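Residue strings, one per chain:
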Amino acid sequence: MEAREGDMDPKRALDEAARLIERADSLALACHVAPDGDALGSMLALHHLARAQGRSSQVSWPEPLAVARHYDFLPGVDLVTKPADFPLAPEVMVTFDCGSLDRLVELRPAAEAARGQGSLIVLDHHVTNDLFGSVNVVDPAAAATAVVVRRLAARLGWALTRDAAICLYTGLVTDTGRFQYDNTTPEVFALAHELSEFDLPIAAMTRRLFEEHRFAYLQLVASCLARAELDRGLRFVATWVTTEDLERFDVSIEETEGLIDLIRRAGEAEVSCVLKETPGGIRVSLRAVAGVDVGEIASRFGGGGHRFAAGFTRTGTVAEVLAEVRDAVAGASPPSPGG
């Protein structure tokens, strides 16, 4: 990976982050809007570890503060600070799994204030990260931000707790797709082994994170699968969720997080896409098997992610945004056989 402005030697960045945290009496922790398992898990893990060390710590993310039902078992998720009550000028602020200032929305001013005083730490593993911090601990080779947090805890000499282990395991297992994705490295299995020693309820966690859904959500999924479109030549599959769908089935937008994992099972497709209507625009999730870098596609639209998993939010209608995504995939895809 070529060096970019804001890059720092990974070991030096980790050392500097630890130095800032060691000197701080209080921490302000934040993750991106509509947080997923890795964002929540990595943030809450450091929150528990800081409190175990007697440090004051607050956690937050942009409105809405709701999380998907399958994350509400996470220790500390009910202790979130409203963005309006988040420190305006944090002593030290740490962001998790967040690729840009824009994804902090109303928490952005706090991050900018912290950066102005040299105390904004960015912990992430996305290659598309903007490196917007004073200290950027960003490792695209790490399977999850949870991995980066574990390294930081080790550098600080902070012993893990069971609550932190539950949160870190959630980040690890969700961002590796239950240890099925290409990012499942020996380091991942070593960390999973370490965390499992805290007597984690792995079977119950797995069911809650991946398998347990309300019947209303299953009905919404059936509707979305029925309208899915497959472009065989482009090897591209897509579907969408409208605000009308959410109202009809009484399902929250947070509950639809796993829909992309069903769409991506289409064997005829290399790239899968789910579009969701939200008040802030069309939220797009992309997944790839091979051949197409969806992280690069997402970055064109102001988003980010990895080669195989990425996303962005775009203004317009579902049809308009889907057409833009389809064109981008067509420009990035190798020619289809015989095409």
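Residues numbered from 1 in each chain as written. Predicted model: local features only at pLDDT ≥ 70, side-chain atom pairs only at ≥ 80, totals over all residues. Heavy atoms only, no water.

Novice: Sorry if this is basic, but what is going on with the side chain of Glu-255 here?
Specialist: With respect to the helices, strands and loops of the structure, Glu-255 is situated in the loop between α9 (243-249) and α10 (259-263). What makes Glu-255 buried here is its relative accessible area of 9%. Setting aside residues no more than four positions away along its own chain, Glu-255 makes contact with Arg-214, Tyr-217 and Asp-250. (Helix = DSSP H or I, 4+ residues; strand = E, 2+ residues; numbered from the N terminus. Buried < 20%, exposed > 50% of the residue type's maximum accessible area, 1.4 Å probe, protein only. Contact = heavy atoms within 4.5 Å.)

Novice: Is there a simple way to think about the nonpolar core in this case?
Specialist: For soluble globular proteins, nonpolar side chains are generally found buried alongside one another. In terms of nonpolar packing, the biggest core is built from 60 residues, with Phe-96, Ile-121, Leu-123 and Leu-152 touching the most fellow members. For Leu-123, the residues in contact, after removing those within four places along its chain, are Val-94, Thr-95, Phe-96, Asp-97, Val-137, Thr-145, Val-148, Val-149 and Leu-152. Membership of the second largest hydrophobic core comes to 24 residues, among which are Ala-310, Val-318, Val-321 and Val-325. (Core = buried A, V, L, I, M, F, W, Y, C linked by side-chain atoms within 4.5 Å.)

Novice: Can you walk me through helix α1 (residues 10-23) in this structure?
Specialist: Helical geometry note: an α-helix holds 3.6 residues per turn, so side chains three or four residues apart project in the same direction. Compared with the 20 Å implied by 1.5 Å per residue over 14 residues, the 20 Å span of α1 between its first and last C-alpha is a close match. Those residues of α1 lying buried are Ala-13, Leu-14, Ala-17, Ala-18, Leu-20 and Ile-21. Buried residues of α1, viewed axially, fall in a sector of 160°; they line one side. Facing away from the buried surface of α1 by more than 90 degrees, the exposed residues are Lys-11, Arg-12 and Arg-23. Contacts made by the buried residues of α1 are with β1 (26-31), β4 (120-124), β5 (135-138) and α4 (145-156). (Expected span 1.5 Å × (residues − 1). Arc of directions from axis to C-beta.)

Novice: What exactly am I supposed to notice about the pairing of strand β11 (residues 309-314) here?
Specialist: Side-chain positions along a regular strand alternate between the two faces of the sheet. Here strand β9 (residues 281-288) runs beside β11; their pairing, made up of six bridges, is antiparallel. Bridged to Ile-282 within β11 is Arg-314. Summarising the sheet, strand β10 (residues 304-305) and β11 pair through two bridges and their orientation is antiparallel. Each residue of the ladder has a partner; that of Gly-305, found in β11, is Ala-310. What sits between β10 and β11 in their antiparallel hairpin is a turn of three residues. (Pairing = 2+ DSSP bridges.)

Novice: Please clarify how the packing of aromatic side chains should be interpreted in this entry.
Specialist: Between two aromatic rings, the relevant description is the distance of the centres plus the angle of the planes. Following the criterion strictly, the structure yields three aromatic pairs and no others. An angle of 65° between the planes, with centres 6.3 Å apart, marks the rings of Tyr-169 and Phe-179 as edge-to-face. With Tyr-169 in helix α5 (residues 162-175) and Phe-179 in the loop between α5 and α6 (186-196), the pair connects residues that are ten residues apart, well separated along the chain. Of the residues examined, Tyr-169 reaches a relative accessible area of 6% and is grouped as buried. A relative accessible area of 23% means that Phe-179 is categorised as partly exposed. With a centroid separation of 4.6 Å and an interplanar angle of 20°, the aromatic rings of Phe-301 and Phe-312 are classed as stacked. (Phe/Tyr/Trp six-rings, centres within 6.5 Å; stacked < 30°, edge-to-face > 60°.)

Novice: In this structure, what is going on with the sheet that holds strand β8 (residues 271-278)? I would like to understand it.
Specialist: Working definition: the strands of a sheet are paired by backbone hydrogen bonds and lie parallel or antiparallel to each other. Strand order in this open sheet of six strands is β6-β7-β8-β9-β11-β10, and the pairing throughout is mixed. Each edge of the sheet is formed by a strand with only one pairing partner; in this case those strands are β6 (229-231) and β10. Pairing of strand β7 (residues 236-241) with β8, which is carried by six bridges, proceeds in the parallel orientation. If you follow Thr-239 over to β8, its bridge partner there is Val-274.

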